[in-house]
Amino acid sequence: MKCEKIELLHRIEGDILKKIIQREISKDHDLAVPGMHPLLQRIYLARGITSPDDLEQSLKSLLPCSDLLGIDAAVQCLISALNAKQRILIIGDFDVDGATSTALAVRALRIFGFEHVSYLVPSRFEFGYGLSPEIVMVAARENPDLIITVDNGISSIPGVSAAKKLGIDVLVTDHHLPGGELPEAVAIVNPCQPHDEFQSKNLAGVGVIFYLMLALRSELRAMNWFAEHDIAEPNMGQFLDLVALGTVADVVSLDKNNRILVRQGLLRIRSEKCCAGIKALLATTGRDCRQAGASDLGFVLGPRLNAAGRLDDMSLGIECLLTDDAEAARDMAMQLNILNDERKAIEADMRQEVQKDLDELELSKDLPLGLCLFNERWHQGVVGILASRIKDCVHRPVIAFAKINENEIKGSARSIPGLHLRDVLENIAKRKPDLISKYGGHAMAAGLSLPLTNYQDFCQEFVAELEGLLSDDDLQGKVYTDGELEGGCFNLDMAELLRSAGPWGQGFPEPVFEGIFNVRDQRLLAQRHLKLMLNIPGTERFVQAIAFNIDTQVWPNERAGDVRIVYRMDVNEYRGRRELQLIVQHLEAA
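The shown structure was predicted, so the numbers you read here are calculated from the model rather than taken from an experiment. Here the residue index of a chain counts from 1 through its sequence in written order. Given that this is a predicted model, residues contribute local features only at a pLDDT of at least 70 and side-chain atom pairs are listed and counted only at 80 or more, while totals for whole chains, interfaces and linings are drawn from all residues. As a rule here, side-chain values cover all heavy atoms of the structure and leave hydrogens and water aside.

**Points about the overall build of the protein chain**
What counts, and what does not: Each helix is a run of H or I in the DSSP string that is no shorter than four residues. Each strand is a run of E no shorter than two, and both are numbered from the N terminus. This radius of gyration counts C-alpha atoms alone. The globule rule is 2.2 Å times how many residues there are, raised to the power 0.38. Buried means the residue's accessible area, taken with a 1.4 Å probe over protein chains only, is under 20% of the maximum for its type, while exposed means over 50%, and partly exposed covers the values in between. Contacts were defined at the residue level, with two residues in contact if any of their heavy atoms lie within 4.5 Å. For the charge count, each Lys or Arg is scored as positive and each Asp or Glu as negative, with His and the chain ends excluded. In plain terms, the charge of a residue is placed at NZ if it is Lys, CZ if Arg, CG if Asp and CD if Glu.
Looking only at helices and strands, the protein chain has 18 helices and 17 strands in total. A compact globule built from 590 residues should have a C-alpha radius of gyration of about 25 Å, and the protein chain, at 25 Å, falls within 12% of that. Projecting the C-alpha coordinates of the protein chain onto the three principal axes gives extents of approximately 75 × 60 × 50 Å. Sorting the 590 residues of the protein chain into buried and exposed places 55% on the buried side. Considering only contacts within the protein chain whose residues lie at least 6 apart along the sequence, 68% involve residues at least 24 apart. In the protein chain, 63 positive and 84 negative side-chain charges are present, and the distance between their average locations comes to 4 Å.

This is the structure:
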């Protein structure tokens, strides 16, 4: 999809100053840290870091388990199950957060001494998301005494009720926003539930189950369980690689608590103490564990694990994270890589179909506040990615729908800053109770299903709901930068410093800069990437830059002597040589 073809209400080309905005730095604060580079202090201040304590990333600075509402009841439920040697079934989700949550729960419980622990992940295509009554019936075949939901369950009121009727207890661990009614579970652990005082509402599902296992380990230690049963007391740090992967891949906000979890997980990965599956996935893509960063978790490992849940069965991804056999992990990582290639091909075809539809619109006049798109040929496992791609191009909320069966469709929604998607869906559901079959999600991403016959009515209600919530300024695509760099900052040491200063991610974005550069050379790589040699302003030195998936109808542009770019600093490693490279995120002739 070539976003440049889409004419927005405010045209980007030639109006770049309205798009590129330098991050504001609070004038009321200073971050005086001895020895810290002034550029790094500036970057931190622009992200709300005003105290050295905000940068503390040791495990001792994690928020306490005791602040989570319901965690004591959940621990006691698990101890009762342990003493009674109950059969425990983990019900996960079919994304990376769900896979890492499931793997962590299974690994931890087995290490703690639970004898009967298994898992079940609903098929995206057959059962859909969460603990539905239908998946409870499937689960009942394994005769579980206790079901533990991970990364789901807070909205599974019918499912929990169905399990209860069958004599199966349910312990819910989740991080999604609850509705007005909570399920009748034996315990609920979710920082977003009413009256919960846990200060970080941004835990991913894997973070929630990690906290529960942390509290359970503490209670078992107090009971002298491990010593009495000749079990080496588990080091909870061994699970942090999974926590880091699920947290980054689920794109939750990296507040201080999440940054600690991700940082500590990355340290384990870099020291090659991660699980065999993560090692294999990195190796399959040519990444070195010792150099792994948060971006590798989000953009390399995440899509490959997600491909299993999108196209096939997430059990493949979970087994990859559960195995301790390096050869088995390597085989599964290769299968996941193949699935990801298939996913990319499907997505590319779907994006071409969307572009044809968008090109027929006079978008500067007809583009609504929010887009609803449906094609009966679309793959329901890929519509979420499609919605995200289109949202990035048109700068407004997008819901992409796929067909579930002859009568029902499923939508995956992506939002823009300032619009809470789940609240939008909830308001529509309250106003039109029969319009949506079910929905759930977060501020920036949500999912829903509805009868096919309701599609047109829903589209109208969606746009109507956005009236008054979005302004013209909200719909203007913006790129926030950390300003311009001085010539002396263009070096490998600075790139390494910025890489190590994270972890960067949602809510704590990686530093990006802007500037005008003279072009010394430009050429295409692989027919779609633009390689540039740029003169560093104010110096006689040059730096390499690369713009991925460039519009080849515009670039290379030999008439562009100077270019204005938005970029981030990166370390390019090739044949043992490491050098500075700029990754271009926006490019135009100056």
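**Concerning the pairing of strand β17 (residues 577-589)**
So the rule is basically this: In this description, strands pair whenever DSSP reports at least two bridges between them.
Pairing geometry for strand β15 (residues 542-547) and β17, over 3 bridges, is parallel. Directly across from I546, in β17, lies its bridge partner I583. Two elements, strand β16 (residues 562-574) and β17, share 12 bridges in a ladder whose sense is antiparallel. By the bridge assignment, Y574 is partnered in β17 with R577. Between β16 and the antiparallel strand that follows it, β17, lie 2 residues; R575 among them carries a positive phi value of about 50°.

**Focus on the packing of helix α2 (residues 71-83) against helix α6 (residues 205-222)**
Convention followed: Lines fitted to the C-alpha atoms define the axes, with helices restricted to the stretch that makes contact. Angles between their N-to-C directions range from 0 to 180 degrees. Here the angle decides the label: under 35 degrees means roughly parallel, over 145 means roughly antiparallel, 65 to 115 means roughly perpendicular, and every other value means oblique. Throughout, a crossing is termed right-handed when the near helix is turned clockwise from the far one, and left-handed when it is turned anticlockwise from it by less than a right angle. Residues were grouped as follows: Ala, Val, Leu, Ile, Met, Phe, Trp, Tyr, Cys and Pro as nonpolar; Asp, Glu, Lys and Arg as charged; and all remaining residues, including Gly, as polar.
One way to put it is that α2 packs onto α6 with a least axis distance of 10 Å and a crossing angle of 60°. Considering the angle they form, α2 stands oblique to α6. In the packing of α2 onto α6, the handedness of the crossing is right-handed. Contacts between α2 and α6 involve I71, A74, V75, Q76, L78, I79 and L82 from the first element and Y211, L212, M213, A215, L216, E219 and L220 from the second. When the residues that make up the contact of α2 with α6 are grouped by side-chain class, the tally is 12 nonpolar, 1 polar and 1 charged.

**With respect to the confidence of the model for the protein chain**
The criterion, for reference: Each residue carries a pLDDT score, the predictor's own confidence in it, on a scale running from 0 to 100.
Of the residues in the protein chain, 93% have a pLDDT of 70 or more, and the chain-wide mean is 89. Here residues 1-18 is a poorly scored stretch, pLDDT under 50, and it has 45 contacts once near neighbours within four places are set aside; other chains count.

**A look at the sheet that holds strand β8 (residues 398-403)**
Strands sit in the order β7-β8-β9-β11-β10 across an open sheet of 5 strands; the sheet is mixed. Unpaired on one side and paired on the other, β7 (371-374) and β10 (438-441) mark the two borders of the sheet. Between one strand axis and the next, the sheet turns by 15° as a mean value, whatever way the strands run. Bridge count for β8 against strand β9 (residues 408-414) is 6 bridges, and the pairing is antiparallel. In the strand pairing of β9, K403 is matched with I409. The sheet contacts of helix α16 (residues 421-431) involve β9, β10 and β11 (445-451), and relative to β10 the element is tilted by about 155°.

**A word on helix α3 (residues 96-112)**
Selection rule: To estimate the expected span of a helix, subtract one from its residue number and multiply by 1.5 Å.
If you check α3, its first and last C-alpha atoms are 24 Å apart, about what 17 residues at 1.5 Å a residue would give, namely 24 Å. Counting buried residues in α3 gives 15 out of 17 residues, a clear majority hidden from the surface. Two residues or fewer past α3, G113 is found with a positive phi of approximately 115°.

**Some points on the pairing of strand β3 (residues 117-120)**
Note the threshold: A clockwise path from the first strand over the helix to the second, with the strands pointing away from the viewer, defines a right-handed crossover.
Where strand β2 (residues 88-91) and β3 come together, 4 bridges link them in parallel fashion. The residue bridging I88 from the neighbouring strand is V117, located in β3. This β-α-β element, β2 to α3 to β3, shows right-handed connectivity.

**Quick notes on the packing of aromatic side chains**
Rule in force here: Pairing of aromatic rings covers Phe, Tyr and Trp, the last through its six-membered ring, and needs centres within 6.5 Å; plane angles under 30 degrees mean stacked, over 60 mean edge-to-face, and all others mean tilted.
Applying the stated criterion across every chain yields a total of 14 aromatic pairs. Both rings, one in F374 and one in Y455, keep their centres 5.6 Å apart while their planes meet at 50°; by these two values the pair is tilted. Taken together, the positions of F374 in strand β7 and Y455 in helix α17 (residues 455-466) put the pair 81 residues apart, joining distant regions of the chain. According to the relative accessible area criterion, F374 is partly exposed, its value standing at 27%. Taking the relative accessible area as the measure of exposure, Y455 reaches 10% and is therefore buried. With centroids separated by 5.4 Å and ring planes inclined at 80°, the aromatic side chains of F401 and Y455 adopt a geometry described as edge-to-face. Of this pair, F401 sits in strand β8 while Y455 sits in helix α17; the two residues are 54 residues apart in sequence, bridging distant segments of the chain. Considered together, F401 and Y455 belong to a single accessibility category, that of buried residues. Taken together through their ring pairs, the aromatic side chains of F374, F401, Y455, F458 and F462 make up a single cluster.

**Focus: the sheet that holds strand β5 (residues 169-173)**
Read from one edge to the other, the open sheet built from 5 strands follows the order β3-β2-β4-β5-β6, with strand pairing classed as parallel. The outermost strands of the open sheet, each flanked by one partner alone, are β3 and β6 (187-189). If you compare each strand with its neighbour and ignore which way they point, the axes differ by 20° on average. Pairing of β5 with β6, which is carried by 3 bridges, proceeds in the parallel orientation. Residue T173 lies in a different strand from β6, and its bridge partner there is V189.

**Focus on unusual backbone geometry**
Across the junction of G502 and P503, the peptide omega takes the value 10°, indicating a cis bond. Along the chain, P503 turns up in the loop between α18 (492-500) and β13 (513-525). Residue P556 is bonded to the preceding W555 through a cis peptide linkage, with omega at 0°. In this structure, E272 takes a positive phi of about 60° despite not being glycine.

**Quick word on helix α5 (residues 157-165)**
Put simply, the rule is: The arc in question is the one traced by the directions running from the helix axis out to the C-beta atoms.
When we look at burial in α5, the residues that qualify are G159, V160, A162 and A163. End-on view of α5: buried residues confined to an arc of 160°, all on one side of the axis. Away from its buried face, by an angle of more than 90 degrees, α5 presents the exposed residues P158, K164 and K165. Where α5 is buried, its residues contact α4 (133-140) and β5.

**A word on the side chain of S412**
Note the cut-off: Whenever two N or O atoms come within 3.5 Å, that pair is a polar contact, provided that in protein one can donate a hydrogen and the other can accept it, and provided that, for residues adjacent in sequence, both atoms are side-chain atoms.
Positionally, S412 belongs in strand β9. On the accessibility criterion, S412 (13% relative accessible area) is buried. Looking at S412, its side chain comes within polar contact range of the side chain of R414, at 3.1 Å. Contact partners of S412, with chain neighbours within four places excluded, come to V383, G384, A387, V398, I399, A400 and A446.

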